[in-house]
Amino acid sequence: MRQRKHVAGSFTQQQATSVNHLALFLPCPKAAIVGNDEWRSGMTDLILTTFDWVPEMPRGYVRDIRVRWALEEAGLPYRVNSVPFRTRDAEHFAHQPFGQVPWLTDGDISIFESGAILLHLGSRSNALMPTDPRGRSEVMEWLFAALNSVEMASLPWSLFVFSGDTTETPGREHLNAFLKARLGHMEPILAERQWLAGPFSVADIAMADVLRLVDRFDGLATHPACRDYVARATARPSFVKARADQMTHFAAAD
C-alpha cells in the first residue's frame with residue numbers, strides 16, 4: 001500500500017458502467033468510543049485508506065473526501081494508504097465488506113462507512129461534535145438525516161441524471177418527486193440557520209456533501225438556501241484542502 005502523510009488537515013473496473021461509477025458515493029453508521037485519554041487527544045495513528053486511482057468522473061466526490069474534510073477540520077494528523085482500484089483482495093474485503101472505500105484505522109480499530117467514521121472522529125474532537133448530550137444528539141440526528149432521509153432520495157436521482165437516461169417514466173417521476181420533497185423540507189431549515197446543529201459539525205460535512213452531488217447536476221437550482229449552504233460549507237479551508245488532496249492523490253496514478 002502506498003502512503004501519503006498529511007498533517008491536518010464502488011467501482012469495479014476502469015471501463016465500469018455508469019451506474020457502477022456513481023456507486024462510489026455510498027455511507028452507514030457505526031462508531032467505537034474509547035474512553036482513553038491518549039485516544040481522545042489524538043495520539044494514536046490515524047490512517048485513511050482509499051483507492052489508488054479512479055476515473056475522472058467521480059474525482060472530488062469519492063467518499064474519502066468526507067473523512068479528509070473532518071480530519072482537516074479537527075486538525076488531526078493522519079496518513080493516507082492506497083488500495084488498488086482494479087483489484088480487491090481478501091484484506092480489502094476484511095476492512096470493507098463491500099469492496100468500497102474509505103475505511104479508517106485508529107490504532108487497533110478499523111471502521112468502514114463514511115457516516116460511521118464521521119461519528120468516530122466526532123467523538124475525538126470538539127471541533128466536529130459538541131460534548132454536551134443535547135448538542136451531540138442534535139449533531140447525530142442531522143448526520144443520520146443526511147445519510148438516510150436526504151441521500152436516500154438524492155443518490156437514485158443522481159444515478160439517473162448521470163446515466164443520461166431522459167426517458168419519462170412513472171418511476172423517474174417518482175424519483176424526481178421524492179428528491180423535490182426532501183429538498184423542500186430542507187429549504188426552510190437552511191434558510192434560517194448557518195449550520196444544522198449550532199456550530200459547524202460532522203452533520204454539516206455529511207449534509208453538504210450529499211447536497212453537493214445534487215448541485216453538481218444542477219438539482220438545487222430552485223432551492224437557493226440549499227445551494228447557499230453548500231457554497232458556505234465548501235468555501236471552508238478544510239474542504240478546499242481535502243478536495244485538492246483527493247484530486248492530487250488520484251491524478252498521481254494517471
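Let me begin by describing the structure that accompanies this report. (Residues numbered from 1 in each chain as written. Predicted model: local features only at pLDDT ≥ 70, side-chain atom pairs only at ≥ 80, totals over all residues. Heavy atoms only, no water.)

So, the nonpolar core
Counting residues in hydrophobic clusters, the biggest one holds 59 residues, and the most contacted among them are L121, M207 and L211. Leave out the neighbours within four places in its chain, and M207 touches W142, A145, A146, V150, M186, L196 and Y229. V54, V62, V83 and W103 belong to the second largest nonpolar core, which has 10 residues in total. (Core = buried A, V, L, I, M, F, W, Y, C linked by side-chain atoms within 4.5 Å. Buried < 20%, exposed > 50% of the residue type's maximum accessible area, 1.4 Å probe, protein only. Contact = heavy atoms within 4.5 Å.)

A short note on helix α7 (residues 170-191)
With 22 residues, α7 should cover 32 Å at 1.5 Å per step; its first-to-last C-alpha distance of 31 Å lies within 8% of that length. Against the buried residues of α7 lie α6 (133-163), α8 (202-216) and α9 (224-234). (Helix = DSSP H or I, 4+ residues; strand = E, 2+ residues; numbered from the N terminus. Expected span 1.5 Å × (residues − 1).)

Concerning the pattern of salt bridges
Enumeration over the complete set of coordinates arrives at 11 salt bridges. A salt bridge links D254 to R59; the nearest nitrogen and oxygen atoms lie 2.5 Å apart. With D254 in the segment after α10 (237-251) and R59 in the loop between β2 (46-51) and α3 (64-74), the pair connects residues that are 195 residues apart, well separated along the chain. The exposed category is assigned to D254, whose relative accessible area is 61%. In this structure R59 comes out as buried when scored by relative accessible area, which is 9%. Several salt bridges share partner residues, and in doing so they unite R63, R66, E151, D209 and R212 into one network. (Salt bridge = Lys/Arg side-chain N within 4 Å of Asp/Glu carboxyl O.)

Considerations on the packing of aromatic side chains
Summed over all chains, the structure comprises six aromatic pairs. With a centroid separation of 5.4 Å and an interplanar angle of 85 degrees, the aromatic rings of F51 and F85 are classed as edge-to-face. Separated by 34 residues along the polypeptide, F51 in strand β2 and F85 in the loop between β3 (78-83) and α4 (90-95) bring together distant segments of the chain. Both residues of the pair, F51 and F85, belong to the buried class. (Phe/Tyr/Trp six-rings, centres within 6.5 Å; stacked < 30°, edge-to-face > 60°.)

Thoughts on unusual backbone geometry
Look at the link from V101 to P102: it is a cis peptide, with omega at 5 degrees. One non-glycine residue with positive phi stands out, namely E113, at about 80 degrees. Its location among the elements puts E113 in the loop between β5 (109-112) and α5 (114-122). The residue D218 is not glycine, and still its phi comes out positive at about 65 degrees. As for its placement among the helices and strands, D218 is situated in the loop between α8 and α9.

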